Each structure stands twice: as structure tokens, then as C-alpha cells.
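Residue-level structural notes
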Amino acid sequence: MSATDHQPITYASAGVDVEAGDRAVELMKDAVKATHSASVLGGVGGFAGLFDASRLLAYKKPLLATSTDGVGTKVAIAQAMDIHHTIGHDLVGMVVDDIVVVGAEPLFMTDYIACGKVVPERIADIVRGVAEACSLAGTALVGGETAEHPGLLGEHEYDVAGAATGVVEAERLLGPDRVREGDVVIAMASSGIHSNGYSLVRRVINHAGWALDREVSELGKTLGEELLVPTKVYAADCLDLVRTLNGDAAPESAPLRGFSHVTGGGLAANLARVLPQGVMATVDRGTWELPPVFRLIGQLGGVPQADLERTLNLGVGMIAIVDPAAADAAIARLTERGVPSWAMGTVGRVTDDAPSAGADFVQGAKGVDGGAVLMQGAYAS
């Protein structure tokens, strides 16, 4: 049979709608432009995003920091509920808050959306969420890409990813080498589950047979609404804390030592990554009460506490490590900015009996030659 014996095959008949992509850009471009400062050159839709880096000339030794991430299976909840304007906050939080851990200011970000079919309104909702969160973080959204993958993803399926670049003065770099014995570990409250551990969460709710539209009294909302609560973006708050505490202090005496972004692996594993070898942070669980959603997941699935702790943030989304003399000032500043925070532990030497604590003791997490964390006590009730 010759090609003329049947309808010609076009890109559209193969499942790719270029015009839908163009409409999506029109719907999102104003939100993207709102993140731009004078440092962003060109408009929306260019082959490459351009950022004026001349401000780096003011640095003595600028270090560029970069991070990339996605949202994981939380997108399945957004797709099931047909709510897409919050998932962008999750994406930005996962990326820019890794950058601020070292004290870097996230300058610009790009995003990538792969989908089975471009629905302009849905794509625009996702990108609007990304733009809103970038504005909160003070980060320019300079570019992105939407790719239609028919046959690989279903019509209503998509995944998102993003990457950001930031800068920090070399002598102001935060990290394990700044941490001292006696330092205080300060917790910053999470907004909810954020974007990690959703494979466990989805498994638990499916096993329990709970629908996403189920009203849950202890949550004060439906299950689906709770699971879609967007990730708290800490970037602006962390950078403000750096400026407030460290100011013009000599780097070696700056009271804010570093941060830990609590993502995959849980609190202890991520805190261990920002501690030097031979140093241990002791965290007192009794300093905070588990938010209801975490208690619910544990009870519904009979999930062991150790598994909850190495999977979910359990109410702590970001951690600051500070000189004890600055702890009260740090908590006061965060509280002033609307970030609930509290002293949750202290830093000391690894003790000989620490490993005997078993599952409570975490050392060398994620392949990083870092310090150790001892979780002790019971959560407040």
C-alpha cells in the first residue's frame, strides 16, 4: 500500500499539538514576566534565558551554586484531583532551598514539564505556581520547556523538573566546617508533607481505602487537600537570617553556621550531611508535637516510627545551626517573619555509646562523610 492510499500522517495526528503549546505560553507569560528584574534580558519564548551576571563583579570570589530536582509522585495526587496550581511551589521549594543551605542566593531558575497531552490551561496553572514561588524566593524564572510525549505518558499525566543557579561569596560559604560543639540546632516548621515520601503516603491511603475527597476531622480539610498543601519555600527567610545574624561579622566568627533542608531521607539523615566528621547533633523529639497528617499516616499504615523518620519531614522542613549566643535572636527573627521555629537540639562530640541507640542513631548519611545525629525521647503530645 502506498502512502497515498491513506490519510497523511502529521505531527498532530501523532499526538503532538504545537498550537496548544503556543496557547499555553500565552497563558503563562505574564506570570513568568512578573519574576523578572532588570537582570533578566529578553522576553519569554527565547531559545535560552539570559541573566546579566555583571553583579558578580562586586564579589571578591563568587561561587556558583546549582541544584536540580522534581516533585516525585506528589504529581499523582495533583492529577487525581485535577488541581495543578500548587505543584509549582513544590518544585521551586525542592530546588532553591537546597541552594540556600550553603548561604547562596538563588538567582534564576528554569523548569521542564513532560506531559502526555498539552492542555494549555493545565500547563499554565503549573507554571503560574512555579512563578509565584520564584517570586517568594526572589528568583527569576528565566526559561522552561514543555514537551508532549504521546504514547509514553497518558493524556492526563505529566512530570515536572527544575534547576536553579545561585551565588555566594566564597568566604561566606556555609557548611560543616563552620559548625562548632555547643551550637544550637533550630527547627523551622514545615507546611505539611512537602514533596518527599509520597510513595509511602500513597501506599498507605490506598491500603486503607481512603478517597482523596474524604473529609478528615483531625486535618480540618479533605485528605486530598492536605496532601496537596504546597511546600514551604524558605529561601527568603534563610537569606534574611544570614544577613541578620552574620552581617559584616568576620566569616570565622559568624554565628549562623549553616542550614539543612529536610527532604528525602528525613530529618536525621539530612542534618547529618551538614555536620563535620566526629560531631553529633542530639535532637530532642519532645520539643515539638507531630502535626496531625504525620500521625494519621503512621496510624493508618501501622508505619514504624523509624520508617516515618527516614521518609517524611515530620513537621520540620528546614534547620539552622547557630552559635548558642545567637539562638534566641534567630528564633525571634524567624517568628517575626511568620516562620514557627524552636530550639530542637545541640551539637557535641560523637559519644562511644551513641551507636547503641540503634535506629535512633544516624551517621554518614547519603554517602556523605558527615557527622552523626542522635534522635532521643518521645514526641510531645
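Details of the structure are given in the entry above.
Read on for an overview of the structure. Just so it is clear, the model here is predicted, and its values are computed rather than measured.

Reading the values: rules and limits
Residues numbered from 1 in each chain as written. Predicted model: local features only at pLDDT ≥ 70, side-chain atom pairs only at ≥ 80, totals over all residues. Heavy atoms only, no water. Helix = DSSP H or I, 4+ residues; strand = E, 2+ residues; numbered from the N terminus. Expected span 1.5 Å × (residues − 1). Buried < 20%, exposed > 50% of the residue type's maximum accessible area, 1.4 Å probe, protein only. Lys, Arg positive; Asp, Glu negative; His and termini not counted. Salt bridge = Lys/Arg side-chain N within 4 Å of Asp/Glu carboxyl O. Polar contact = N/O pair within 3.5 Å; in protein donor to acceptor, adjacent residues only side chain to side chain. Phe/Tyr/Trp six-rings, centres within 6.5 Å; stacked < 30°, edge-to-face > 60°. Contact = heavy atoms within 4.5 Å. Pairing = 2+ DSSP bridges. Axes fitted to C-alpha atoms, helices over the stretch in contact; angles between N-to-C directions.

This part covers helix H3 (residues 87–99). Its 13 residues place the ends of H3 19 Å apart at the C-alpha level, agreeing with the 18 Å of an ideal helix rising 1.5 Å per residue. Counting buried positions along H3 yields 12 of 13 residues, so the element is predominantly enclosed. Considered for burial, the residues of H3 that qualify are Ile 87, Gly 88, His 89, Asp 90, Leu 91, Val 92, Gly 93, Met 94, Val 95, Val 96, Asp 97 and Ile 99.

We note that Asp 82 has phi near 55 degrees; this positive angle belongs to a residue other than glycine. Tracing the chain through its elements places Asp 82 in the loop between helix H2 (74–81) and H3. Judged by its relative accessible area of 57%, Asp 82 is exposed.

Further remarks concern the side chain of Glu 169. Note that Glu 169 resides in strand E6 (residues 158–169). Lys 60 provides the closest opposite charge to the buried, salt-bridge-free Glu 169, at an N-O distance of 6.0 Å. Engagement of the side chain of Glu 169 in a polar contact is seen with the backbone nitrogen of Lys 60, the distance being 3.0 Å.

All chains considered together, the criterion is met by two aromatic pairs. Plain terms: the ring middles of Trp 288 and Trp 342 are 6.0 Å apart, the flat faces sit at 40 degrees to each other, and that makes the pair tilted. With Trp 288 in the loop between strand E11 (279–284) and helix H9 (292–301) and Trp 342 in strand E13 (residues 341–349), this residue pair connects regions lying 54 residues apart in the sequence. For Trp 288, a relative accessible area of 6% corresponds to the buried category. What makes Trp 342 buried here is its relative accessible area of 17%.

So, about the environment of Val 40. Mapping Val 40 onto the fold places it in strand E1 (residues 40–41). Separated by 68 residues in sequence, Val 40 and Phe 108 have C-alpha atoms that sit 8.9 Å apart. Beyond its immediate sequence surroundings of up to four residues, Val 40 is in contact with Leu 50, Phe 51, Ala 140 and Val 142.

Okay, the sheet that holds E6 next. Across the sheet, which stays open at both edges, the four strands sit in the order E3-E6-E4-E5 with mixed pairing between neighbours. Each edge of the open sheet is held by one strand with a lone partner, namely strand E3 (62–70) and strand E5 (140–148). Averaged over all neighbouring strand pairs, the angle between strand axes comes to 15 degrees, with direction disregarded. With eight bridges joining them, strand E4 (residues 105–115) and E5 adopt parallel strand pairing. Looking at the pairing, Met 109 lines up with Leu 141 of E5.

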